[in-house]
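Structural features, examined
Letter by letter, the chains look like this.
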Amino acid sequence: MKSAYELAMERLKKEDPGAGKKVSEGQKKKLADIDSLYRSKIAEAEILMKPKILEARRTGDDNGAAELQRRLAEDLRKLNSQWESEKEKIRKSK
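Summarised in this report is the structure supplied together with it.

Analysis parameters
- Chains are numbered independently. Their residues run from 1 in the order of the written sequence.
- With the structure being a predicted model, the display of local features is reserved for residues of pLDDT at least 70 and the display and counting of side-chain atom pairs for 80 or more, all residues being used for whole-chain, interface and lining totals.
- Only heavy atoms go into the side-chain values, all of them from the structure, while hydrogens and water stay out.
- Note on aromatic contacts: the rings of Phe and Tyr and the six-membered ring of Trp form a pair at centre separations within 6.5 Å, being stacked when their planes are under 30 degrees apart, edge-to-face when over 60 apart, and tilted otherwise.
- By the criteria applied, helices consist of DSSP H or I runs no shorter than four residues and strands consist of E runs no shorter than two, each listed in order from the N terminus.
- Each residue's exposure class comes from its accessible area (1.4 Å probe, protein chains only) as a fraction of the maximum for that residue type: buried when under 20%, exposed when over 50%, partly exposed otherwise.
- Here, a salt bridge means any Lys or Arg side-chain nitrogen found within 4 Å of an Asp or Glu carboxyl oxygen.
- Lines fitted to C-alpha atoms define the axes here, with helix axes fitted over just the stretch in contact, and angles between the N-to-C directions of these axes take values from 0 to 180 degrees.
- For classification purposes, angles smaller than 35 degrees are called roughly parallel, those larger than 145 roughly antiparallel, those between 65 and 115 roughly perpendicular, and all remaining angles oblique.
- When residues are sorted by character, Ala, Val, Leu, Ile, Met, Phe, Trp, Tyr, Cys and Pro go into the nonpolar class, Asp, Glu, Lys and Arg into the charged class, and all the rest, Gly among them, into the polar class.

**Overview of the packing of aromatic side chains**
Throughout the structure, instances matching the rule amount to 1 aromatic pair. Taken together, a centroid distance of 6.3 Å and an interplanar angle of 10 degrees make the contact between Tyr38 and Trp83 stacked. With Tyr38 in helix H2 (residues 25–58) and Trp83 in helix H3 (residues 62–92), this pair connects stretches of sequence that are 45 residues apart. Trp83 shares its class with Tyr38; the two are buried.

What follows is the structure, given as structure tokens:
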């Protein structure tokens with residue numbers, strides 16, 4: 001009798017046959033490089049925007065702070081999306 005975990009893994013393999021595919025050493029290196037690059041891009045975006053947000057709040061510009069916060073969130077969403085897209089390209093390459 002199979003465990004719930006084993007059944008779930010079988011279902012996932014049926015839905016995405018490439019899900020259990022091994023990643024080569026070269027792909028692992030590329031994935032690590034992409035991770036490092038996008039972590040630094042995210043840190044840079046936060047470092048540049050957070051002081052502006054804090055300054056807007058300090059001066060009482062709540063609308064400006066909210067707009068800056070929204071822009072930061074949008075930038076982070078885009079970066080995360082690009083990050084995942086880049087990683088997926090590497091995983092699909094041979």
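Still more to cover.
**Some remarks on the pattern of salt bridges**
Two side chains bearing opposite charge may form a pair once their charged atoms approach each other closely. Evaluated as defined, the whole model comprises 9 salt bridges. One salt bridge in this structure joins Glu84 and Lys87, with 3.5 Å as the shortest N-O distance. Note that Glu84 and Lys87 are positioned in helix H3 at a spacing of 3 residues, about one turn of the helix. Under the relative-accessibility criterion, Glu84 is labelled partly exposed at 42%. One salt bridge in this structure joins Glu86 and Lys89, with 3.7 Å as the shortest N-O distance. Linking Glu86 with Lys89, this pair stays in helix H3, spanning 3 residues, or about one helical turn. We classify Glu86 as partly exposed; its relative accessible area is 27%. On the accessibility criterion, Lys89 (53% relative accessible area) is exposed. A network of salt bridges, in which partner residues are shared, links Asp35, Glu84 and Lys87.

**A word on the packing of H2 against H3**
Packing of H2 against H3 leaves a shortest axis separation of 9 Å and a crossing angle of 175 degrees. With respect to each other, H2 and H3 are oriented roughly antiparallel. Residues of the contact of H2 with H3, tallied by class, amount to 15 nonpolar, 5 polar and 12 charged.

**Focus: the environment of Glu88**
Structurally, the position occupied by Glu88 is in helix H3. Separated by 57 residues in the primary sequence, Glu88 and Leu31 place their C-alpha atoms 9.3 Å from one another.

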